[in-house]
Amino acid sequence: MRKTTSTNFENEKGFTNNCPITSTMKIIGGRWKVIIIYQLGSGTKRYGEMKKTIGTISEKMLTQQLKALIQDGWVTKTDYKEIPPRTEYELTQLGKSFIPILKEIEKWGNQYLLKC
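What counts, and at which threshold
Think of each chain on its own: its residues are numbered from 1, step by step along the sequence as written. Since the coordinates come from a predicted model, pLDDT governs what is reported: local features require at least 70, and pairs of side-chain atoms require 80 or more to be given and counted, while whole-chain, interface and lining totals use all residues. Derived side-chain values reflect all non-hydrogen atoms in the structure, with water molecules and hydrogen atoms excluded from consideration. Within this scheme, the nonpolar core is defined by two criteria: the residues are buried Ala, Val, Leu, Ile, Met, Phe, Trp, Tyr or Cys, and they are joined through side-chain atoms within 4.5 Å. Think of it in three bands: residues with accessible area under 20% of the maximum for their type are buried, residues over 50% are exposed, and the middle band is partly exposed, with areas taken using a 1.4 Å probe on protein chains only. What makes two residues a contact is simply this: any of their non-hydrogen atoms within 4.5 Å. DSSP bridges decide pairing: two strands pair if at least two such bridges lie between them. Only DSSP runs of H or I with at least four residues qualify as helices, and only runs of E with at least two residues qualify as strands; both kinds are numbered from the N terminus onward.

Focus on the nonpolar core
The nonpolar side chains of a soluble globular protein tend to be buried, and buried together. Core analysis: the largest hydrophobic core is formed by 18 residues, its most contacted members being Ile36, Ile37, Leu40, Met50, Leu62, Trp74 and Val75. Ignoring sequence-local partners within four residues, the contact set of Ile36 consists of Met50, Ile54, Ile57, Leu62, Gln65, Leu66 and Leu69.

A look at the pairing of strand β2 (residues 75–80)
In this structure, β2 lies alongside strand β3 (residues 86–91), joined through six bridges in antiparallel fashion. Directly across from Asp79, in β3, lies its bridge partner Thr87. The turn joining β2 and β3, which pair antiparallel and follow one another in sequence, is formed by five residues.

Topic: the sheet that holds β2
Pairing in this open sheet of three strands is antiparallel, and the strands run β1-β3-β2 from one edge to the other. Where the open sheet ends on each side, the last strands, each with one partner, are β1 (45–46) and β2. Taken together, the two bridges between β1 and β3 define a ladder with antiparallel strand orientation. Counted as the bridge partner of Arg46 is Glu88 from β3.

Next up, the structure:
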């Protein structure tokens, strides 16, 4: 994490505050956040369900990305006080508002799918 008193932090803040694309990419950037948001777009999921569906993500990375999405207000976490313990993740209104954009990205990706 960058120090909030650094010049780089101030420069980045000034740039992202004036650019909606950069600001959005900063929040959802990286390999996993968009995939997690997309998975939660179909409804509430438990941690194990997401891990199983995404497959190649490590437990550490899934935990880190979920924490970041919760902190940024895209996802909520509900802990149920029962035995065995149960935790569920769900998109907030902010997260749900991004689903139509992901659907369009999916549509574009299917149309221009590169053969790897």
